[in-house]
Amino acid sequence: MLSRKFISLLYIISIWALFKHHNASSTFFNNIFECFLIFLVFLNIANIHKKVFFLFSVSVLYFVSSLLFVYFVADRNILDFLLIYKFFIYAILLSFLFKKQILSENDFFSFYKFLLTVFGIKYILISLFQSLRPTLFFENNFELMMLSLIFYLYYILKGSVSVRHQLFVSLIFLMSKSISGLLILLFVLGMINVKHILKKIYIIIPSILLLGVSVVYVLKDRLGGELDFSKNTRFQFLTVFLKEIENWTFLNYLFGASRITPLSENACRRLGYWQSLFSYSGDGSCYSVVLHSYIFRVIFDHGFIGLLFICYFVYSIIIRSGFSRTNGLIVLGIVFINGISVSSFNSVYFALGIMFFLIVKKHADYSKNLV
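Not measured: the values here are computed from a predicted model. (Residues numbered from 1 in each chain as written. Predicted model: local features only at pLDDT ≥ 70, side-chain atom pairs only at ≥ 80, totals over all residues. Heavy atoms only, no water.)

**Details of the overall build of the protein chain**
A count of helices and strands for the protein chain gives 18 helices and 2 strands. The buried share of the protein chain, reckoned over its 371 residues, is 51%. A fraction of 77% describes how many contacts in the protein chain between residues 6 or more apart in sequence connect residues 24 or more apart. About 17600 Å² of surface is accessible on the protein chain, with carbon and sulfur atoms providing 66% of the total. (Helix = DSSP H or I, 4+ residues; strand = E, 2+ residues; numbered from the N terminus. Buried < 20%, exposed > 50% of the residue type's maximum accessible area, 1.4 Å probe, protein only. Contact = heavy atoms within 4.5 Å. Areas by Shrake-Rupley, 256 points an atom, 1.4 Å probe, with all protein chains shown as cover.)

Here you go:
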């Protein structure tokens, strides 16, 4: 099958990333992965499964109507619009991949182990020989979300993962020094070990304490030696976000600001350090993307209704693919935790992680599993 052979390109991309020296903020591999996703959809564009047709239709309707409004009424830069609405583009693409089970479990296991090895090698080499936060494809806040999703899918299909396996994954996350990555790590390991915590409490508690101490050490390092979260840039984004919505009406909270409304001039001045994230128009204006946290961004641009739809889409597409409700909630939890810090749902690494849940041909029914 052509689609299955096409997925083999991920091996080449991973090897390329292993040996390529590039800036962590470079979008080089992001662009490659987006082209990969679009072409994979093109190979499987025959139909939309009836189970996701409603979700697909809502995404298309919202995206197209907003695009027409922006183009004919608001007169905003189209690139700013596409960035703000990127999740809905991914939702449309993922809808085409739903139930397209083109990858066997064994092929997935092989790729996962290969990818995990590549992550380990690259992160260890950078940690040993450079004073930088390690990265494989892009800033590790993003790529670790993808690795977490694939790791969790591996666990679901296998039914268990060894302690050694979990320790290796933990090492990668600890070397990353990513706060959101460490929170995801604690969440995922907690979820997959919940059955064993009471049975082997004498082993689990010391392990949790050791991992907790390691996480605190990384947090202190990232916060300049003090556990003062007010010094973290995310706290600054929070204060700007709260200032921007202080005069909102009830309808604003439901549906967000008017389509792609820029932040105030004062907000843009306060966040001037991130000028590279300002509007593509080059006029000095800035949009919600400068707030980094996707949770802030989605509430500002789409309101709580938009946030609920996005969460429901992710949860629904997972459980309708044959996984359990708990699986759906844990997947949603991984992406949501990432969204506290960075763009999560709006990232191609989110789309790639979810993609594997949709295209792997499962040999068993996981819909009634507890985890």
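**Quick word on the packing of aromatic side chains**
Between two aromatic rings, the relevant description is the distance of the centres plus the angle of the planes. Evaluated as defined, the whole model comprises 45 aromatic pairs. For the pair Phe-81 and Tyr-85, a centre-to-centre distance of 4.4 Å together with 25 degrees between the ring planes defines the contact as stacked. A centroid spacing of 5.0 Å and a plane angle of 50 degrees characterise the contact between Phe-138 and Phe-142, whose relative ring orientation is tilted. No difference in accessibility class separates Phe-138 from Phe-142, as the two residues are buried. Joined through ring pairs, the aromatic side chains of Tyr-62, Phe-63, Phe-81, Tyr-85, Phe-87, Phe-88, Tyr-294, Phe-309, Phe-313, Phe-345 and Phe-350 make up one cluster. One Lys or Arg, Lys-20, reaches over the ring of Phe-28 and ends 4.7 Å from the middle of that ring. The side chain of Lys-158 reaches across the aromatic face of Phe-109, ending 4.7 Å from its centre. (Phe/Tyr/Trp six-rings, centres within 6.5 Å; stacked < 30°, edge-to-face > 60°. Lys NZ or Arg CZ within 6 Å of the ring centre and 35° of its normal.)

**Regarding the state of the cysteines**
All told, the structure shown has 1 disulfide when counted by the stated rule. A disulfide bridge connects Cys-268 with Cys-286, and the sulfur atoms are separated by 2.0 Å. Judged by the torsion about the S-S bond (-100 degrees), the Cys-268/Cys-286 disulfide is left-handed. A residue pair is termed long-range when its members are at least 10 positions apart, and Cys-268 in helix H15 (residues 265–270) and Cys-286 in the loop between H15 and helix H16 (294–319) qualify at 18 residues. A relative accessible area of 8% places Cys-268 in the buried class. (Disulfide = S-S within 2.5 Å.)

**With respect to the side chain of His-302**
Topologically, His-302 is positioned in helix H16. We classify His-302 as buried; its relative accessible area is 3%. A distance of 2.7 Å separates a polar atom in the side chain of His-302 from a polar atom in the side chain of Tyr-62. Excluding residues that lie within four positions of it along the chain, His-302 makes contacts with Tyr-62, Ile-84, Tyr-85, Phe-88, Leu-254, Phe-255, Gly-256 and Arg-259. (Polar contact = N/O pair within 3.5 Å; in protein donor to acceptor, adjacent residues only side chain to side chain.)

**Focus on helix H3 (residues 28–43)**
Along an α-helix, residues three or four positions apart point the same way, because every turn accommodates 3.6 residues. Given a rise of 1.5 Å per residue, 16 residues ought to cover 22 Å, and the 23 Å separating the end C-alpha atoms of H3 matches this to within 8%. Within H3, the full set of buried residues consists of Phe-29, Asn-30, Phe-33, Phe-36, Leu-37, Leu-40 and Val-41. Buried positions in H3, seen along its axis, are confined to an arc of 130 degrees and lie on one side of it. Exposed and facing more than 90 degrees away from the buried side of H3 are Cys-35 and Phe-42. (Expected span 1.5 Å × (residues − 1). Arc of directions from axis to C-beta.)

**Let's talk about empty space enclosed by the protein**
Following the criterion strictly, the structure yields 2 cavities of 30 Å³ or more and no others. At the level of secondary structure, the elements contributing two or more residues to the lining of the largest cavity comprise helix H2 (9–19), helix H7 (105–129), helix H8 (140–158) and helix H18 (348–359). Looking at which element gives the most residues to the lining of the largest cavity, the answer is H2, with 3 residues. Of the residues that constitute the lining of the largest cavity, the class distribution is 10 nonpolar, 1 polar and no charged. (1 Å grid on protein atoms, 1.4 Å probe; cavity = no way out; pocket = protein on both sides within 12 Å on 5 of 7 lines; lining within 4 Å. Points joined across faces, edges and corners; volume = space filled by probe spheres on them. Nonpolar A, V, L, I, M, F, W, Y, C, P; charged D, E, K, R; others polar.)

**Thoughts on the pattern of salt bridges**
In a structure, side chains of opposite charge can pair up when their charged atoms sit close to one another. The tally for this structure, following the rule as stated, stands at 2 salt bridges. Glu-246 serves as the salt-bridge partner of Lys-243, at 3.1 Å between the closest nitrogen and oxygen. Classification of Lys-243 by relative accessible area gives partly exposed; the value is 45%. Taking relative accessible area as the criterion, Glu-246 reaches 46% and is therefore assigned partly exposed. (Salt bridge = Lys/Arg side-chain N within 4 Å of Asp/Glu carboxyl O.)

**Some remarks on the packing of H16 against helix H17 (residues 325–341)**
Two elements in contact, H16 and H17, have axes whose closest approach is 8 Å; the angle formed by their N-to-C orientations is 155 degrees. By the criterion of interaxial angle, the relationship of H16 to H17 is roughly antiparallel. Once H16 is placed against H17, the crossing between them reads as right-handed. Contact residues: Tyr-294, Ile-295, Leu-307, Cys-311, Val-314, Tyr-315, Ile-318 and Ile-319 in H16; Arg-325, Asn-327, Gly-328, Leu-329, Val-331, Leu-332, Phe-336, Gly-339 and Ile-340 in H17. A breakdown of the residues in the contact of H16 with H17 according to their chemical character gives 13 nonpolar, 3 polar and 1 charged. (Axes fitted to C-alpha atoms, helices over the stretch in contact; angles between N-to-C directions. Parallel < 35°, antiparallel > 145°, perpendicular 65-115°, else oblique. Left-handed = near helix turned anticlockwise from the far one by under 90°.)

In short, shape yes, function no, at least from these values alone.
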